[in-house]
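# Reading the structure
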Amino acid sequence: MLRAERGDIVAYDVDAIVNAANESLLGGGGVDGAIHRAAGPELLAFCRGLGGCPTGSARITPGFKLKARHVIHTVGPIWYGGRTGEDEALESCYRAVAALSRERGLGTLALPAISTGVYRFPLARATRIAVATMRERLAAGDFWSAVFVCFSDDALAAYRGELAG
Ligand code: APR
């Protein structure tokens, strides 16, 4: 089942919350900063051992002090106008998250609006990609429930509109 809610992703008690990280996996601002603050320093220590993550890919870690058992860190594309493969890279993030869920037998996920903050990917375009990809992977049985956690009313409206479609 797919749904959208307004909230703070660190509060979600699910098998995995998804982090919108950067290629270093060494933390940052936005949702990345919130997740590292809530998980505690062990998350950064664990991430140091991962050797980074390329854009469009994902890595899984324990959740440490978070309610969520795991964090799936994925690196979204920075928006440069839409002619350098940004759509494909963003879709690849959602596919990589779903593939790790299947691989690790995770059922419940919570996801932020990847790339739509600091990375400036247009919200409506990103939301279409997120919902279409996760709908396909839900039907394929990669996981059984995902909530799109929106940090603004605009994001919530975009996701609710796309999910109603
Ligand atoms: N819970 C849910 N969503 C959140 C939270 C939160 N606590 N904090 C921010 N968001 C939302 C933002 O409002 C935005 O809609 O997450 C979405 C993604 O925004 P960013 O966190 O800025 O991530 P992104 O645009 O993918 O940029 C990634 O930012 O924080 C750095 O280290 C990160 O370099 C990386 C870059």
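Please refer to the structure placed before this passage.
First things first, this report covers the structure right here in the doc. (Residues numbered from 1 in each chain as written. Predicted model: local features only at pLDDT ≥ 70, side-chain atom pairs only at ≥ 80, totals over all residues. Heavy atoms only, no water.)

### Quick notes on unusual backbone geometry
- A positive phi angle, near 60°, is found at L25, a position not held by glycine.
- Summarising the element assignment, L25 is placed in the loop between β2 (16–21) and α1 (30–39).
- A positive phi angle is found at S115, which is not glycine, with a value near 70°.
- The topology assignment puts S115 in the loop between β5 (108–111) and α4 (123–139). (Helix = DSSP H or I, 4+ residues; strand = E, 2+ residues; numbered from the N terminus.)

### Some remarks on the nonpolar core
- Among the nonpolar cores identified, the biggest contains 33 residues, and I72, Y94, L109, L111, M134, F148 and Y159 are the most heavily contacted of them.
- Contributing elements (two or more residues each) for this core: β1 (2–6), β2, β3 (58–62), α3 (86–104), β5, α4, β6 (145–150) and α5 (153–164).
- Discounting chain neighbours no more than four positions away, the residues touching I72 are A16, I17, V18, N19, A58, R59, I60, V97, L100, S101 and L106.
- Among the nonpolar cores identified, the runner-up in size contains 20 residues, and I9, A21, I35 and A39 belong to it. (Core = buried A, V, L, I, M, F, W, Y, C linked by side-chain atoms within 4.5 Å. Buried < 20%, exposed > 50% of the residue type's maximum accessible area, 1.4 Å probe, protein only. Contact = heavy atoms within 4.5 Å.)

### Quick word on the pattern of salt bridges
- Scanning the model with the defined rule gives 11 salt bridges in all.
- D87 serves as the salt-bridge partner of R125, at 2.9 Å between the closest nitrogen and oxygen. Note that R125 is positioned in helix α4 and D87 in helix α3, a separation of 38 residues in sequence.
- Across the pair E91 and R95 runs a salt bridge whose closest N-O atoms are separated by 2.8 Å. Pair noted here: E91 and R95 are both in helix α3, with a separation of four residues, about one helical turn.
- E91 sits in the partly exposed class, given a relative accessible area of 29%.
- In this structure R95 comes out as partly exposed when scored by relative accessible area, which is 31%.
- Among the ionic contacts, a cluster of salt bridges with common partners joins E91, R95, R102, E136, R137 and D142. (Salt bridge = Lys/Arg side-chain N within 4 Å of Asp/Glu carboxyl O.)

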